[in-house]
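Observations on chain architecture
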Amino acid sequence: MLAINNLSVVYQNKTVLEGFNLSLEKGEIFALLGDSGSGKSSVLRFIAGLDEAKKGQVILDGNQLSTAGQHDVNPESRGVGMVFQDYSLFPHMSVEKNIAFGIQHLPKLEQQQSITELLKMIDLVGIEKKYPHQLSGGEQQRVALARALAPSPKLLLLDEPFSSLDKNHRDQLVAQVRHILKQTNTTSILVTHNIDEANTLSDKVGKIDNKRLTIK
Amino acid sequence: MVALPIFVVIFSWALPEHELWAHFSQNLLPNLISSTAILLIGVGVGVVLLGTVLAYLVVMVEFPGRKWLEWALFLPFAIPAYVLAFVYLGVFDYSGYAQVWMREVLGLPGFDIRAGSWAIILTFVLVFYPYVYMMTRASFKRQKINMIDAGKLLGAGPIRVFFQISLPLARPAAAAGLLVTLMETLADFGVVSLFNYDTFTTAIYSAWIDFRSIEVAAQLASLLVLVAFFLIYFEKKARGQAKYYSTDIVNRKPYHAKGAVGWLISLMVLSIFMLSFAMPMLQLLIWGWTSVAEEWSAKYIDLIASTSILTTSAALITVAIATILALPDRCKQGSVWLKSVIRLATLGYALPGSVMAVGLLYGVNQISEINNYLGGESINHLIFGSIALLVFAYVSRFMAIAYSSIDASAQQIKPVFTQSARLLGASRQRLIWRVYLPMMTPGILAGGLLVAVDVMKELPATYLLRPFGWDTLAIQVYELSAEGLYERAAVPALIMVLFGALIMSIFQYLDKKSSKTS
């Protein structure tokens, strides 16, 4: 379903990652561990089409998205969703507008239905009209997840989405996110430096060590 | 004190001249209102469109030549509006060579550049877009790139990202730039008189010069103050509760325009730079070159000296007062009185320089009369025609620019800095010198430089209040261009532009430095 072949990442003229290969089945959740500067976020940004790489190919659902480190398909047309470390919710839009951003092509009624379903799924019914600054960190995180899931992406990328939460909240949320991802059968890649988080959330864990990926 | 001219013009309603006012309000007012409104709407739409699009392109898109164009787009700040107006008139007027070429080579009919409002609107837009450009550029630079990336991954193309994410977040900055532009347009006298376009400012001149009625002039001016109040209210409302800024500065471009699209963007941005700066400058240089031998004389040393002295002293005093007004203070937050004082002190920006001058002269005269009545002496001979009065007019007129720049940097001082300094035992004085002022320095410098550019360009108040023998470069430009001596006017205009460009490059250097350190 997803295949990443021979990805190499150069950061500030230094090769940080070489020969990265990964393939995932539909609905599979993969966690990528690594120290700061190991290039794990660069992998996500390359898959998303946001940054280019030195080498590498991305194939998603049989479509070639990137070849030789260059992108053949724009980020907006790849069908890839992403949850950022700082959530990056649009501060001038309410929760429902944030979630609806990616499904504006649908009729209003369908949008509304989708928002209601997603809010139910993330357990935040009744906050539709609130703005991001009125929400707690955990709530913002869940809204960011709902926003990324709304267009039903073929692949979801999670870039250290739990790092700014306290331990209690994090444990609870990690379990909840796994449940949601499994419920929606969304193929996902989580980038983190927390091994517990990786083990709880994912089906498969890999680690970048010495510029190479090893899958456990 | 700074707000004195405003009180004077409002006070003018106490001494109505019914007949003349009736003439003005019945025959001229409706036209004045509609022509001023058309001008404001046209200029407003134009500067917001041009300023935000240009700022967005240089901050968010990588295209060929972006780096130097980003800075080049500030340069029109250095050209006074009336200089650009006389260059355009000189080139596109009926006898200008653009029209001569059109008629003789292309065989097209001529046109009247002064007819309608399009040419004057275009001139104002090209001179004033840098206000919106400067403010929205700073705002775009502080937008989170991740947010734009999130938009992209949710399927939004560049245009949707611009309209639904970046632009709404930059709205307060665009509104602030728009406010300054509209106030500058309202206060302008040079451009509108060169284009023979009637606005409130020209009507104020007419009431005063043609009808010798300082009261009607002041009454018309008070209507301008009203418009200014409305504009300030509108800007505050547009700013709203929003606190959208992130602290990270954009250094990665979310879009890379490659190939033809990239060159097309370069061409578009370059053409704005050519129209607003390079081509007028080239024309000034050509005119200046042909007339410098005739025009240059020792008097230019005096002109440069008096311009420099006035500019420096006015900028220093304005900045000192604005800094005191903008110092963060807990008592200030709740003080309605102080807030009103600041609002009044910064309203002078909407007053045309001429009205400022009239207000001051009128005010001083009233004080003298009261003094005489009480058995004292008139103070007129001490104050009329003194540098002090002129500098005072500049300070009151340009307080808003200095204040908004300094206040913006003061706003970034979080209460936590004050609290931690207090807890470390810092006295109020030490807090000001060691915490506030160093943190406000970029804003203070920027405010001072912007005021200096404006003082150097200022025309009407200087014209009326300057001490004998204190002609400035602006006066020289005005006197020569009013007589149609465009070639000769190019010489002092070029010196002004050179000084303006120098001040702007210092401003850009500081801006670059502060964005590196923040």
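What comes next is a walk through the structure. (Residues numbered from 1 in each chain as written. Chains lettered and ligands numbered in written order. Predicted model: local features only at pLDDT ≥ 70, side-chain atom pairs only at ≥ 80, totals over all residues.)

1. Some details on the interface of chain B and chain A
- Of the residues lining the interface, 16 residues belong to chain B; the matching set on chain A comes to 16 residues.
- Only helix H7 (145-153) and helix H8 (158-187) of chain B provide two or more residues apiece to the side of chain B that touches chain A.
- Considering each element in turn, the side of chain B that touches chain A owes the most residues, 6 residues, to H7 of chain B.
- Broken down by class, the residue content of the side of chain B that touches chain A amounts to 10 nonpolar, 3 polar and 3 charged. (Contact = placed C-beta atoms within 7 Å. Helix = DSSP H or I, 4+ residues; strand = E, 2+ residues; numbered from the N terminus. Nonpolar A, V, L, I, M, F, W, Y, C, P; charged D, E, K, R; others polar.)

2. Concerning the packing of helix H4 (residues 137-149) of chain A against helix H5 (residues 167-183) of chain A
Residue and element names in this part refer to chain A.
- Two elements in contact, H4 and H5, have axes separated by 11 Å at closest approach and are oriented at 15°. Put simply, H4 runs roughly parallel to H5. In the crossing of H4 with H5, the sense of the turn from one axis to the other is right-handed. For the pair formed by H4 and H5, the contact residues are Gly-138, Gln-141 and Leu-145 on the first element and His-169, Leu-173, Val-177 and Ile-180 on the second. (Axes fitted to C-alpha atoms, helices over the stretch in contact; angles between N-to-C directions. Parallel < 35°, antiparallel > 145°, perpendicular 65-115°, else oblique. Left-handed = near helix turned anticlockwise from the far one by under 90°.)

3. What to know about the sheet that holds strand E7 (residues 80-83) of chain A
Residues and elements named next belong to chain A.
- Strands sit in the order E7-E8-E9-E3-E10-E11 across an open sheet of 6 strands; the sheet is mixed. Unpaired on one side and paired on the other, E7 and strand E11 (212-215) mark the two borders of the sheet. The mean inter-strand angle of the sheet, taken between neighbouring strand axes irrespective of direction, is 20°.
- Strand direction decides the pairing type here: strand E3 (residues 29-33) and strand E10 (residues 204-209), joined by 4 bridges, are parallel. Each bridged residue has a counterpart across the sheet, and for Phe-30 the counterpart in E10 is Lys-204. (Pairing = 2+ DSSP bridges.)

4. What about the environment of Met-183 of chain B?
- Residue placement: Met-183 of chain B occurs in helix H8.
- Placed 48 residues apart in sequence, Met-183 of chain B and Leu-231 of chain B show a C-alpha to C-alpha distance of 8.3 Å.

5. What about the pairing of strand E9 (residues 187-192) of chain A?
Residue and element names in this part refer to chain A.
- The buried count for E9 comes to 6 of 6 residues, which makes it a mostly enclosed element.
- Burial along E9 is two-sided: the face carrying Thr-187, Ile-189 and Val-191 and the face carrying Ser-188, Leu-190 and Thr-192 are both buried.
- Where E3 lies against E9, 5 bridges are found, and the strand directions are parallel. Residue pairing in the sheet places Leu-32 in a bridge with Val-191 of E9.
- In the sheet, strand E8 (residues 155-159) pairs with E9 via 5 bridges, with the strands oriented parallel. (Buried ≥ 20, exposed ≤ 12 C-beta atoms within 10 Å, placed from the backbone.)

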